[in-house]
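One-letter residues, chain by chain:
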Amino acid sequence: MDSMATGATRSRAGWVLLSITRIALGFYFFWPFLDKLIGLGFSTCKDAETGDVTVMCERAWLSGGHVTEGYLGSATGPFADFYMGLAEHRWTDWVFMIGLLGIGLALMLGIGTKVAAWTAPLMLLMMYTSHLWPTTNPFLDDHIIMALAIPAIALVELEHQSIGLGRWWRRLVGEDSWLV
């Protein structure tokens, strides 16, 4: 096998892996949206003592649950008062849930990835600053790593997207659109 064919094979595998990583990162946002929406028993609607799951329990958003109250209400670090103040407001549920859904779908489908490339790090940085300091490393945790990785992957992979609806979407909205 000549070196050009080997390079092309490695490049193709790399683009596929970037697409798979983009999709996985999108699912990282989409899953908590589903869990908080209907209560699938991961962070919502699971009894801490018994482990029993009650789908659509009172903590599920569709059942009237205030999905940001627990997380924001347990904020720590120098910004704790700010985030605890946000926990009192129901509009934070809407912003959070729309953010999880939009970022998740954009990254999973490969459409609107430019928007997700900048809104995902914003959401992740807010999550990071709401619970300072990380327990395993004084500065770096998965929120920071993903806040760096998502725009890098989304912007590099944008034109070579091997899995997703990105090419179709770019033709529909135009290559230079901010919606790409």
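Residues numbered from 1 in each chain as written. Predicted model: local features only at pLDDT ≥ 70, side-chain atom pairs only at ≥ 80, totals over all residues. Heavy atoms only, no water.

K.L.:
How should I be thinking about the overall build of the protein chain in this particular structure?
P.N.:
Scanning the protein chain from terminus to terminus reveals seven helices and zero strands. Along the protein chain, helices and strands appear, N-terminal first, in the series α-α-α-α-α-α-α. In terms of overall dimensions, the protein chain has C-alpha extents of about 60 × 35 × 35 Å along its principal axes. Within the protein chain, buried positions represent 39% of all 180 residues. Within the protein chain, contacts between residues separated by at least 24 positions form 59% of all contacts whose residues are at least 6 apart in sequence. Total accessible area on the protein chain stands at roughly 10,400 Å², and carbon and sulfur atoms take up 69% of it. Charge centroids of the protein chain, computed over 11 positive and 16 negative side chains, lie 12 Å from each other. (Helix = DSSP H or I, 4+ residues; strand = E, 2+ residues; numbered from the N terminus. Buried < 20%, exposed > 50% of the residue type's maximum accessible area, 1.4 Å probe, protein only. Contact = heavy atoms within 4.5 Å. Areas by Shrake-Rupley, 256 points an atom, 1.4 Å probe, with all protein chains shown as cover. Lys, Arg positive; Asp, Glu negative; His and termini not counted. Charge placed at Lys NZ, Arg CZ, Asp CG, Glu CD.)

K.L.:
What am I meant to see in the state of the cysteines here?
P.N.:
Here a disulfide denotes one covalent bond, and it connects the sulfur atoms of two cysteines. Tallied over the full model, the rule gives one disulfide. Covalently, cysteine 45 is tied to cysteine 57 through a disulfide, its sulfur atoms 2.0 Å apart. Of note, the bridge from cysteine 45 to cysteine 57 carries an S-S torsion of about -85 degrees and is left-handed in sense. A residue pair is termed long-range when its members are at least 10 positions apart, and cysteine 45 in the loop between α1 (3-38) and α2 (69-73) and cysteine 57 in the loop between α1 and α2 qualify at 12 residues. Here cysteine 45 and cysteine 57 have matching classes, each one buried. (Disulfide = S-S within 2.5 Å.)

K.L.:
Please explain helix α6 (residues 142-157) as it appears in this structure.
P.N.:
Structurally, the α-helix is built with 3.6 residues per turn, so residues lying three or four positions apart point the same way. Counted at 1.5 Å a residue, the expected span for α6 with its 16 residues is 22 Å, and the 21 Å between its end C-alpha atoms agrees. The complete set of buried residues in α6 reads His143, Ile144, Met146, Ala147, Ile150, Pro151, Ile153, Ala154 and Glu157. Capping the start of α6, aspartate 141 holds a side-chain oxygen 3.0 Å from the backbone nitrogen of histidine 143, two or three residues further along. (Expected span 1.5 Å × (residues − 1). Polar contact = N/O pair within 3.5 Å; in protein donor to acceptor, adjacent residues only side chain to side chain.)

K.L.:
I would appreciate a short explanation of unusual backbone geometry in the present structure.
P.N.:
Cis geometry marks the peptide bond from leucine 132 to tryptophan 133, where omega comes out at 0 degrees. Inspection of the secondary structure puts tryptophan 133 in the loop between α5 (113-130) and α6. The phi angle at cysteine 45 is positive, at roughly 70 degrees, despite the residue not being glycine. Of note in the backbone geometry, methionine 56 takes a positive phi value of approximately 65 degrees without being a glycine. Assignment of secondary structure puts methionine 56 in the loop between α1 and α2. With a relative accessible area of 38%, methionine 56 lands in the partly exposed category.

K.L.:
How should I be thinking about the confidence of the model for the protein chain in this particular structure?
P.N.:
If pLDDT is low for a region, its predicted coordinates should not be looked at in detail. Here the protein chain averages 88 in pLDDT, while 93% of its residues score no lower than 70. The weakest mean pLDDT in the protein chain belongs to helix α7 (residues 166-173) at 80; the strongest belongs to helix α4 (residues 91-109) at 96. This model gives residues 1-5 a pLDDT under 50, and the stretch forms one contact once residues within four places in sequence are excluded. (pLDDT = per-residue confidence, 0-100.)

K.L.:
Help me understand the side chain of histidine 143, please; the structure alone is not making it clear to me.
P.N.:
Within the fold, histidine 143 resides in helix α6. Judged by its relative accessible area of 14%, histidine 143 is buried. The contacts of histidine 143, once residues within four sequence positions are left out, are Leu124, Met127 and Tyr128.

K.L.:
Got a minute to help me understand the packing of aromatic side chains in this structure?
P.N.:
The relation between two aromatic rings is expressed through the spacing of the ring centres and the mutual angle of the planes. Considering all chains together, one arrives at six aromatic pairs under this definition. Taken together, a centroid distance of 5.0 Å and an interplanar angle of 70 degrees make the contact between phenylalanine 82 and tyrosine 83 edge-to-face. Aromatic rings pair up to connect Phe27, Trp31 and Phe42 into one cluster. (Phe/Tyr/Trp six-rings, centres within 6.5 Å; stacked < 30°, edge-to-face > 60°.)

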